[in-house]
Amino acid sequence: MLILGIETSCDETGVALYHSQRGLLAHALHTQIAMHEEYGGVVPELASRDHIRRVLPLVREVMHRGGASLADIDAVAYTQGPGLAGALLVGTSIANALAFALGIPALGIHHLEGHLLSPLLASEPPRFPFVALLVSGGHTQLMRVGAVGEYELLGETMDDAAGEAFDKTAHLLGLGYPGGPALAQLAGKGRVGRYKLPRPMLEQMHRTGNLDFSFSGLKTAAQLLVRQQVPDAAGRADVAAAFQEAIVDVLVAKSLHALEQTGLDQLVVAGGVGANRRLRQRLDREAAEAGCSVFYPEFEFCTDNGAMIALAGALRLGAGIGADPAQAHGAAGVRLGARDPAARTYAFTVKPRWNLSTSV
Ligand code: KG4
Ligand code: ZN
């Protein structure tokens, strides 16, 4: 099975070609970071327009690099949600048009499913079941992953996502967009102990086992600190270090608690914040002490990309999920199970808001 994957949920256009036996054949990415930078964040309309310009050239590029032609593709997997509606519509309409023209299935994939399966692209992948920590710009969730399509939510953020908190605090410190990597870099120059910031919902976890997160209070505490003390350059690095350490403390403690609660010994970390080196360092050390292993996607697949969408599509097809007409119809409006390709309908919708546990 050869799957073409298309990701356009936010500010990255990602396209990839994945073969169920041979693995990832090619992938290409265009990031819009430079375009959105001057606005300090993603401008949805500009994002959609840029995806339109990029998708087809990137498809041509991966077909060429993967040594395949469109006629070789067995299915097109695309990000159907969650994300920016206009941006999602670009990938979704191109994927369905291509699938229609080729007479093959179009598979609507949940963006977070792509992220949490992305460590399976690595040379030493985890085995099911595992606990997944999903930390992106829009989401912070802990999930128990039993198999492809089997996701149980263990905890999630009540307000800001971890990446969002990184981005907003970075903005407060005068850093550019996206703030996460910039704040992490500044934190590397700061002292952790100089400022004290809260660890939201940690005490509650110790009392009740609650695995939910809340980061807006932490962001506000950092805001107050900066307003009251007006730190100089060194002080700003110290605030960044204190902020990063607080988030990392919470993410590490909750991840380890999730492993303990589920009795599992593998943790998968996915999403953009998973690129954070301090988080990786602490998780590696503390998980090892608890007898557990941590798996990360390859660095280039931590943030949004087409490879994880193609992979999720291949795994879904391999597991027979999405091949059921009733299920597929509900999820994507595409009757994948229809034996007669002419009977497939390529009507589509996007799902800007979509809970992962309802994706199967
Ligand atoms: O998964 P992703 O690429 O896009 C979403 O689906 O949201 O995640 C992007 C988020 C942004 O908030 C970005 O600031 C954050 O991941 N991020 C980081 C780092 N690299 C990216 N946060 C902290 N440290 C990093 N090194
Ligand atoms: Zn993402």
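On a predicted model such as this, the values are computed, not experimentally measured, just so you know.

Student: Describe the packing of aromatic side chains, and please don't skip the residues or the numbers.
Tutor: Taken as a whole and judged by the stated rule, the model has four aromatic pairs. Between phenylalanine 213 and phenylalanine 215, the aromatic rings sit 5.9 Å apart at their centres with planes inclined by 25°, giving stacked as the arrangement. The exposure class assigned to phenylalanine 215 is buried, which follows from its relative accessible area of 0%. We note lysine 254 situated over the ring of phenylalanine 213; from NZ or CZ to the ring centre the distance is 5.7 Å. Above the ring of tryptophan 354, the side-chain terminus of lysine 351 is found at 4.3 Å from the ring centroid.

Student: Go over unusual backbone geometry, please, and point to the residues and values.
Tutor: Of note, the amide linkage connecting phenylalanine 128 to proline 129 takes the cis form, showing an omega dihedral of -5°. Mapped onto the elements of the fold, proline 129 is located in the loop between helix 4 (111-117) and strand 6 (130-135). That bond from tyrosine 177 to proline 178 is cis: its omega, -5°, falls within 30 degrees of zero. Looking at the secondary structure, you find proline 178 in the loop between helix 5 (162-172) and helix 6 (179-187). Notably, methionine 201 is not glycine yet its phi reads approximately 65°, a positive angle. Structurally, the position occupied by methionine 201 is in the loop between helix 6 and helix 7 (202-208). Take methionine 201: its relative accessible area is 18%, and that puts it in the buried class. Notably, valine 230 is not glycine yet its phi reads approximately 35°, a positive angle.

Student: Lay out the site of ligand 1 in plain terms, naming residues and giving numbers.
Tutor: Every one of the 17 residues lining ligand 1 counts as a neighbour, but Gly137, Asp167, Gly180, Gly272 and Asn276 are closest to it. With respect to ligand 1, the side chain of histidine 111 contributes an N or O atom lying 3.3 Å from an oxygen atom. A distance of 3.5 Å separates an oxygen atom of ligand 1 from a polar backbone atom of valine 273. With the chains in place, 86% of the 560 Å² that ligand 1 exposes on its own is no longer accessible. Those elements that provide at least two residues to the shell around ligand 1 are helix 4, helix 5 and helix 6. Examining the composition of the shell around ligand 1, we find that three residues originate from one element, helix 5, more than from any other. Residues that form the shell around ligand 1 fall into these classes: four nonpolar, eleven polar and two charged.

Student: Break down the confidence of the model for the protein chain for me, with residues and values.
Tutor: Scored by pLDDT, the protein chain comes out at a mean of 92, with 93% of its residues at no less than 70. Scored below 50 in pLDDT, residues 323-339 makes 36 contacts in the model with residues more than four places away or belonging to other chains.

Rules and cut-offs
Residues numbered from 1 in each chain as written. Chains lettered and ligands numbered in written order. Predicted model: local features only at pLDDT ≥ 70, side-chain atom pairs only at ≥ 80, totals over all residues. Heavy atoms only, no water. Phe/Tyr/Trp six-rings, centres within 6.5 Å; stacked < 30°, edge-to-face > 60°. Buried < 20%, exposed > 50% of the residue type's maximum accessible area, 1.4 Å probe, protein only. Lys NZ or Arg CZ within 6 Å of the ring centre and 35° of its normal. Helix = DSSP H or I, 4+ residues; strand = E, 2+ residues; numbered from the N terminus. Near = heavy atom within 4 Å. Polar contact = N/O pair within 3.5 Å; in protein donor to acceptor, adjacent residues only side chain to side chain. Areas by Shrake-Rupley, 256 points an atom, 1.4 Å probe, with all protein chains shown as cover. Nonpolar A, V, L, I, M, F, W, Y, C, P; charged D, E, K, R; others polar. pLDDT = per-residue confidence, 0-100. Contact = heavy atoms within 4.5 Å.

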